[in-house]
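# Coordinates in review
The chain contents come next:
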Amino acid sequence: YSSGNCPDEGSLGVPCAPDDIADLCNKYDRDNGSFRECLAACEPGFCCVHDADRELNFLAPNCNTDENCAQYAYCYIAWWKLHDTIGPALFLQIEQDDEFYDVNADEIADYQNENPFFQQVLLHHFDDIQVIIDDGTVDNEFNADRIFLDPDYWETDI
């Protein structure tokens, strides 16, 4: 894949991917492949794979034209798994009977609440994020359940 602007970050701030990203994200590499390590290596490139408006979604803007995005192509396995849900985006199905998927559901529940990266995973679905913030906030606290568990936000034409 393209080396982009490396060793420097790209024009939209995407850093160079780790040199071993292909190994970390290879589920058949029994020595180096690890969903946990792949996800950690891939987090800076998540903005490359979605199209949330850069201006209106200030919490999860896309960076899909950054010249360093191509280096994160190996991350497809992580992005796919982060969108493997039953129902709304909050209900991830991370566990799998396979050595590569070395993160359990309990860890992801904690990860959802503590890791700022997960904010991007949830909120990249929206272009105008201010509406989501306003609708999801009660007593100055945002609660994703108010959005993702509300059928008014579900796409029913799929």
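Before going into details, it helps to say that this report is about the structure given with it. (Residues numbered from 1 in each chain as written. Predicted model: local features only at pLDDT ≥ 70, side-chain atom pairs only at ≥ 80, totals over all residues. Heavy atoms only, no water.)

### Notes on the overall build of the chain
- Scanning the chain from N- to C-terminus turns up 7 helices and 2 strands.
- Each helix (α) and strand (β) of the chain, taken in turn from the N terminus, gives the series α-α-α-α-α-α-β-β-α.
- Scored against the burial criterion, the 158 residues of the chain give a buried share of 38%.
- Here the analysis covers contacts within the chain between residues at least 6 apart in sequence; of these, 61% occur between residues at least 24 apart. (Helix = DSSP H or I, 4+ residues; strand = E, 2+ residues; numbered from the N terminus. Buried < 20%, exposed > 50% of the residue type's maximum accessible area, 1.4 Å probe, protein only. Contact = heavy atoms within 4.5 Å.)

### Details of the nonpolar core
- I21, F35 and W79 are the most contacted members of the largest nonpolar core, which totals 37 residues.
- Counting only elements with at least two residues in this core, the list comes to α1 (21-24), α2 (35-42), α3 (76-82), α5 (116-123), α6 (129-136) and α7 (145-148). (Core = buried A, V, L, I, M, F, W, Y, C linked by side-chain atoms within 4.5 Å.)

### Here we look at α2
- Those residues of α2 that fall on the buried side of the exposure criterion are F35, C38, L39, A41 and C42. Viewed along the axis of α2, the buried residues span an arc of 165 degrees, placing them on a single side of the element. (Arc of directions from axis to C-beta.)

### Quick look at the environment of F142
- With respect to the helices and strands, F142 occurs in strand β2 (residues 141-142).
- The residues contacting F142, other than those within four sequence positions of it, are L123, I132, I133, G136, T137 and I147.

### Quick notes on the packing of aromatic side chains
- Per the counting criterion, the structure on display carries 7 aromatic pairs.
- Aromatic pair W79 and F117: ring centres 6.4 Å apart, planes at 40 degrees, arrangement tilted. One end of the pair, W79, is in helix α3; the other, F117, is in helix α5, and 38 residues separate them in sequence.
- Residue classification places W79 among the buried residues on the basis of a relative accessible area of 8%.
- Judged by its relative accessible area of 4%, F117 falls in the buried class.
- Each residue in the set F35, F100 and Y101 is aromatic and connected to the rest through ring pairs, giving one cluster.
- Over the ring of Y101 we find K81; its NZ or CZ atom is 5.0 Å from the centre of that ring. (Phe/Tyr/Trp six-rings, centres within 6.5 Å; stacked < 30°, edge-to-face > 60°. Lys NZ or Arg CZ within 6 Å of the ring centre and 35° of its normal.)

### Focus on unusual backbone geometry
- Cis peptide bonds are those with omega within 30 degrees of zero, and the linkage from C6 to P7 qualifies with 20 degrees.
- Relative to the helices and strands, P7 resides in the segment before α1.
- Here the phi dihedral of D139 falls at roughly 55 degrees; this positive angle occurs in a residue that is not glycine.
- Along the chain, the position of D139 falls in the loop between β1 (137-138) and β2.
- Of note in the backbone geometry, N140 takes a positive phi value of approximately 60 degrees without being a glycine.
- Along the chain, N140 turns up in the loop between β1 and β2.
- Residue N140 is classed as exposed on the basis of its relative accessible area, which comes to 81%.

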